[in-house]
Amino acid sequence: MSSIEYHYPVIGRKGTGGVFDRLPIETLEKDHPYQFSLFILAFAVIQQRPDALQVVEEPAGTFMEIGSIHGRPFIEWAGDRNKYTPTDYSPTDKKDTDPVPARFGGYCNHGAVVFPTWHRPYVMLLEQSIGNIADQLAHDIEAKNPHECGVWVKAAKELRFPYWDWAEKDVSENGLPPVLYEDKVEIVVAGGQKQIVDNPLSFFSFVDGIPSDFGDETLRTGQVAYFSKWHRTYRYAASSPNPEGSNVDQLQKAFKAGAKDLRSKVAQLFVVNNDENPALAWDEFSNHTTQSKREMDNFNSGSLEGVHDAVHMLAGGIGHMSAPDYAGFDPLFFLHHSNVDRLLALWEWCYAEYWMENGYEINGKSYPWTQQLGTYAQVYNAQLLPDGPLQPFRTEQGDYWTSSQARFLHTDAYPKYYSYPEFAGIKVDRAAMSSDERALARKKIAAYYGFDPQTTAQQVAAPAWTQLPVPDKDHPSVPADHAVIPEYRTFAVHVKLLEHAFNGSYSFQLYHKGKDDSASQLIGTVAVFARPDHSPCKACTLRREAGTVIHGIIPIPPALIESIMKSNADGETVATFDQTLAHIKGEFFGKIVDTTGSELARAEGGLEVPQVPNHQTTSRNATPIEISLVSTAVAEHGQDKDRPVYICDWQHHDGVFSAGWQATHPVAA
């Protein structure tokens, strides 16, 4: 309970004269030098760096305060001090710390339908804080340099928080841009001079000391993230209380290896058909637990949160980004979430009718959305509604933001004062004029990120494609005005993992075997972005075994399917569909890895693989719930080939790893 009530409203960049675009960080640095300089200088100010310019700042707008909203330390945010705490959360109450998994502790909503909407005002808060400081800096510069009047103030008003598109085409070759990891950066200062300054995007230092509830986290492999001793944030740090710095080589290697999978996952978000149940479609898109889903309901399009999870894992290693309690302190967190918000803006523009509503309905019975584990501001299983509060973010009127207010960026929506650059013909601050416009745009987005079955179907040549079954034109799954693309299916691996299986974050990795192990190729990953267990009690173990299930997909590149078909062709007979499915599974192997990439368990695909001996198998808790191969036929519009394809008949082809999982580290046994 607080004795003083104080609220700092999240209003974004209100009062700056209009709506301006959040730009890619590379574009901001290259093409907008004054905005970029103000961004770097202002970010350094709110990080309270010792060498930062001295500017009056709002206590609730410091980076330490904003970063702590996401997790530790589990205290009220300075911008929402209340006389009466609206939750029964207590850091000393065992109901909130035992049994595991305990409630998340931070305000953040994960694994819930409000995951995308909650993070929208969160990024706006940082945008607002940096922008307010940029305004002050710009006025000071122009006051001291009258010949530059109209340059700096204009740049400050137009400045919006940038994003990094980690699914852009060049990431597989270049990884992160240097501005996101180099400790120094060049900016323009008054008079047009260039100056090298400390880069606030590379790490954040806990200048007022490490909070008392920061604790070291020991991975199951024995490596330690020394959060109680690290005075700054790290990415891929050494397991040491005093690492030399982030391991940029490992960071870059991880993103280059995972980039193509990220692109495929983003593409899949935009291939959801336009006639799905609105609430169910929003559920699957918005979060990785899909509360409403039964087996027959899954669209196998993946979720925005699932892609988000993968980026956290790629960015972290032993470090802050892969640990939910500490991720908000890494500056990269917000450039990542700005891109997540950009994808939300594109998706809600394309699928304007899909929404959480007041719950979902199955067989005539209504069910509410809930926040299963609770948050700092929500009790366990609190109901989530479109007009429910998104604590701790308040509007200018003093009420909490709601998901309904967070929805959309167009002129009729609740004002947010930012947009994104035009993409695939979409300007998200302008509502679509028709359903046709939305449909054409989502096809362009899917194609940009790599999903273009009409083109791909014309390029494949292996004879085995001719044996793939597709529904005929009269099948109920095929719309009357569509025709199925013959001899073609798109494949994916559907993954279900226990969230609390390995004392924190971990991943499933799918590999193509190649001709030998040295030629193996990472196909894709499903990440589990989870907080650690802190209780060894037996009741906690039982709770974990019955705990939350994370859903994810790994799209299989058509070129890989083509290669597998060709490599298994015998030259005389054409493989049947069942044989092709067996060939595909036989070319895969899987790993369970921790945040460092250390292997915990392994499985081999294929019918000829011997069963894993009982004494070597993974424990029930460590074994993936499901790793299955799925596929679907695709139909195109009969008259207009530029319209989006229609996903027809998702089929489940059973498990990939029927021989079982081998524990390759004792923690998985």
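Source: prediction; values computed, not measured.

Asker: Outline the overall build of the protein, listing residues and values.
Answerer: From N to C terminus, the protein includes 17 helices and 26 strands. Relative to the globule expectation of 26 Å for 669 residues, the C-alpha radius of gyration of the protein, 25 Å, shows essentially globular dimensions. For the protein, the C-alpha atoms occupy an extent of roughly 80 × 60 × 55 Å along the three principal directions. A total of 669 residues make up the protein; the buried ones form 60% of that total. Excluding contacts between residues fewer than 6 apart, the proportion of contacts in the protein whose partners are at least 24 apart in sequence is 72%. Counting every atom, the protein has about 26,200 Å² of accessible surface; 50% of that belongs to carbon and sulfur. Considering the protein, the positive charge centre built from 57 side chains and the negative charge centre built from 84 side chains are found 1 Å apart.

Asker: Describe the side chain of Thr290, with residues and values.
Answerer: Relative to the helices and strands, Thr290 resides in the loop between helix H9 (278–286) and helix H10 (304–316). On the basis of relative accessibility, which here comes to 5%, the residue Thr290 falls in the buried class.

Asker: Account for the pattern of salt bridges, naming residues and giving values.
Answerer: In total, this model carries 30 salt bridges according to the counting rule given. In this structure, Asp325 and Arg72 form a salt bridge, with 3.2 Å as the shortest nitrogen-oxygen distance. Taken together, the residues Asp325 in the loop between H10 and helix H11 (332–350) and Arg72 in the loop between helix H3 (63–68) and strand E3 (80–81) connect sequence positions 253 residues apart. Relative accessible area serves as the criterion here: at 2%, Asp325 is assigned to the buried category.

Asker: Can you lay out unusual backbone geometry for me, pointing to particular residues and giving the numbers?
Answerer: With an omega dihedral of -10°, the bond running from Arg72 to Pro73 counts as a cis peptide bond. Counting through the fold element by element, Pro73 comes out in the loop between H3 and E3. The residue after Gln391, namely Pro392, is reached through a cis peptide bond having omega 5°. Structurally, the position occupied by Pro392 is in strand E12 (residues 389–394). Of note in the backbone geometry, Tyr236 takes a positive phi value of approximately 55° without being a glycine. Position of Tyr236 among the secondary structure elements: in the loop between strand E7 (224–225) and helix H8 (248–269). Residue Tyr236 is classed as buried on the basis of its relative accessible area of 10%.

Asker: An account of the side chain of Gln268 is requested, with residue identities and associated values reported.
Answerer: For Gln268, the position within the fold is in helix H8. Ignoring anything within four residues of it in the chain, the contact list for Gln268 reads Asn300, Ser301, Phe451, Ile553 and Pro555.

Asker: Requested: an account of the packing of aromatic side chains, with residues and values cited.
Answerer: Counting across every chain of the model gives 47 aromatic pairs. With a centroid separation of 4.7 Å and 35° between ring planes, the pair formed by Trp347 and Tyr351 is classed as tilted. Here Tyr351 falls in the buried class, since its relative accessible area comes to 2%. A cation over an aromatic ring shows up here: Arg232 above the ring of Phe203, its NZ or CZ 3.9 Å from the ring centre. We note Arg263 situated over the ring of Tyr448; from NZ or CZ to the ring centre the distance is 5.5 Å.

Asker: Quick rundown of the sheet that holds strand E23 (residues 634–637)? Include the residues and the values.
Answerer: A sheet is described by the order of its strands in space; here 3 strands give the open sequence E15-E23-E24, paired in antiparallel fashion. Of all the strands in the sheet, just strand E15 (482–484) and strand E24 (646–647) have a single pairing partner and so form its edges. Sheet topology note: the E23/E24 ladder contains 2 bridges and is antiparallel. If you follow Val634 over to E24, its bridge partner there is Ile647.

Asker: Describe H10, listing the residues and the values that go with them.
Answerer: In this model, H10 (13 residues) spans 19 Å end to end at C-alpha, consistent with the 18 Å of a helix rising 1.5 Å per residue. Most of H10 is tucked away, with 13 of its 13 residues classed as buried. Gly317 lies just past H10 and shows a positive phi near 65°.

Asker: I'd like a description of the pairing of strand E21 (residues 599–604), backed by residues and values.
Answerer: Where strand E20 (residues 588–594) lies against E21, 5 bridges are found, and the strand directions are antiparallel. Pairing of Val593 across the sheet is with Glu599, part of E21. Between E20 and the antiparallel strand that follows it, E21, lie 4 residues; Gly597 among them carries a positive phi value of about 90°. Sheet analysis places E21 next to strand E26 (residues 662–663), joined by 2 bridges and oriented antiparallel. Bridge pairing in E26 links Arg602 to Gln662.

About the thresholds
Residues numbered from 1 in each chain as written. Predicted model: local features only at pLDDT ≥ 70, side-chain atom pairs only at ≥ 80, totals over all residues. Heavy atoms only, no water. Helix = DSSP H or I, 4+ residues; strand = E, 2+ residues; numbered from the N terminus. Rg over C-alpha atoms; globule rule 2.2 N^0.38 Å. Buried < 20%, exposed > 50% of the residue type's maximum accessible area, 1.4 Å probe, protein only. Contact = heavy atoms within 4.5 Å. Areas by Shrake-Rupley, 256 points an atom, 1.4 Å probe, with all protein chains shown as cover. Lys, Arg positive; Asp, Glu negative; His and termini not counted. Charge placed at Lys NZ, Arg CZ, Asp CG, Glu CD. Salt bridge = Lys/Arg side-chain N within 4 Å of Asp/Glu carboxyl O. Phe/Tyr/Trp six-rings, centres within 6.5 Å; stacked < 30°, edge-to-face > 60°. Lys NZ or Arg CZ within 6 Å of the ring centre and 35° of its normal. Pairing = 2+ DSSP bridges. Expected span 1.5 Å × (residues − 1).

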